[in-house]
Amino acid sequence: MDYTCNNCFESFTLGGDVKFCPYCGNRLNNDNTYDIDVLKYTLHHAFDEISDDFYNAEFEIAKKYIVMNDYKEIYKELQGCQNRKTLFKKLEKYIQKLYDDLDKFLKLSDEEFEKKLTDLHKSYVEKVVKIYALFTDRKPTFEDFSIKFEQNYEPQKLKEYFDLLKISYEKYKRCVNDTGLFTAFSTDQSYGKRSIFLVRIAKDDAPEFLKLDIDKEIEEIKKKNDIKYMGFLDENTDEHINAFWHAFSSAYNMLEFFRTPTIENFMTNDNALESRLLNMININSLENVEHLVKQVEEIYSQSTV
């Protein structure tokens, strides 16, 4: 049978009719035997939702205030083109977008983005404190929340790379005009499946940021651009096509991670927060359980931004 002591708030399971708490010796109220699985699930779900809400909102803010280019979706859209004219028009739009988005990056201040995330973190803290207050007078503790920014690439070198990409594109365009859409996409599937992500801090499943060496990338694309296209009978058509897609995907990769934020001390430093709350639960009636469940649900369902 499950018991919760209303004096020390320890939970335990023992067989038979237990009269006293094995931890503090307090006499037990055996009415505290209601199933609290619903409340336990609700608490667990609440903290997951509040945390996910922060990260999802962080992602949305980043898309609005920093440039988010999903290369995988771009490549998929380009593969859907039914003719060369449409393909070229869209490619030229996305190449120009590289320049435009870099300009937006340079105009965006770190302070503006930092304020958005700081306000978001305050909302997270308020929710956690409200849930904690349902069970105890103790408050969870938080260390100082901070955001740091790192610029990973020099703007002028990125622009130089974009200029070289345009040269690569002109050769690519000649190849596709001669051979048709059949050869328009990379034979190396990695260029079409490279997925770009915002760096997510403090998530176990966060993708790692792999910084490209822009000097080596510039050197590589120059070498590829120097290889001349010999026309319809050129035996290196695949090499020209692959060179363009490698450069195109690398350009979007470097722009995506042009400047990256690192978030520190987002979560409460009470690592056992959820288990502490469960041990503090003092269940006296089924109505009380239902009331607590509703209160917890109301708190975590409040809008974050």
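Just above sits the structure.
Residues numbered from 1 in each chain as written. Predicted model: local features only at pLDDT ≥ 70, side-chain atom pairs only at ≥ 80, totals over all residues. Heavy atoms only, no water.

> Could you clarify how one ought to interpret the nonpolar core in this entry?
Within soluble globular proteins, side chains that are nonpolar tend to cluster in buried spots. Core analysis: the largest hydrophobic core is formed by 41 residues, its most contacted members being Leu78, Leu87, Leu91, Tyr172, Phe244, Trp245 and Phe248. Counting residues per element, the ones that place at least two in this core are helix H2 (71-79), helix H3 (84-107), helix H5 (155-179), helix H7 (214-226) and helix H8 (237-256). Beyond its immediate stretch of four places on either side in the chain, Tyr172 contacts Leu87, Phe88, Leu91, Ala184, Ile241, Phe244 and Trp245. The next biggest cluster of nonpolar side chains, apart from the first, holds 12 residues, and it includes Leu43, Ile50, Leu292 and Tyr300. (Core = buried A, V, L, I, M, F, W, Y, C linked by side-chain atoms within 4.5 Å. Buried < 20%, exposed > 50% of the residue type's maximum accessible area, 1.4 Å probe, protein only. Helix = DSSP H or I, 4+ residues; strand = E, 2+ residues; numbered from the N terminus. Contact = heavy atoms within 4.5 Å.)

> Help me understand H8 in this model?
For an α-helix, 3.6 residues make a turn, and residues three or four places apart therefore share a direction. With 20 residues, H8 ought to run about 28 Å at 1.5 Å a step, and its terminal C-alpha atoms sit 29 Å apart, in line with that. Of all 20 residues that make up H8, 17 are buried, and the element is covered over most of its length. (Expected span 1.5 Å × (residues − 1).)

> Where do I start with the environment of Glu126 in this structure?
By the element assignment, Glu126 lies in helix H4 (residues 110-133). Given the relative accessible area of 48%, Glu126 is considered partly exposed. In the structure, Glu126 is positioned 173 residues away from Ile299 in sequence and 9.3 Å away in space, judged by C-alpha atoms.

> Can you walk me through the packing of aromatic side chains in this structure?
Aromatic ring pairs are defined here through the distance separating the ring centres and the angle between the ring planes. On inspection of all chains with the given rule, the structure shows 17 aromatic pairs. Ring centres of Trp245 and Phe248 lie 5.7 Å apart, and the angle between their planes is 75°; on these two criteria the pair is classed as edge-to-face. Residue Trp245 and its partner Phe248 are located together in helix H8, separated by 3 residues, close to a single helical turn. Phe248 matches Trp245 in its accessibility class, with the two residues each being buried. The interplanar angle of 75° and the centroid separation of 5.3 Å between the aromatic rings of Phe248 and Tyr252 together place this pair among those described as edge-to-face. Remark: Tyr252 and Phe248 occur in helix H8; sequence separation between them is 4 residues, near one turn of the helix. (Phe/Tyr/Trp six-rings, centres within 6.5 Å; stacked < 30°, edge-to-face > 60°.)

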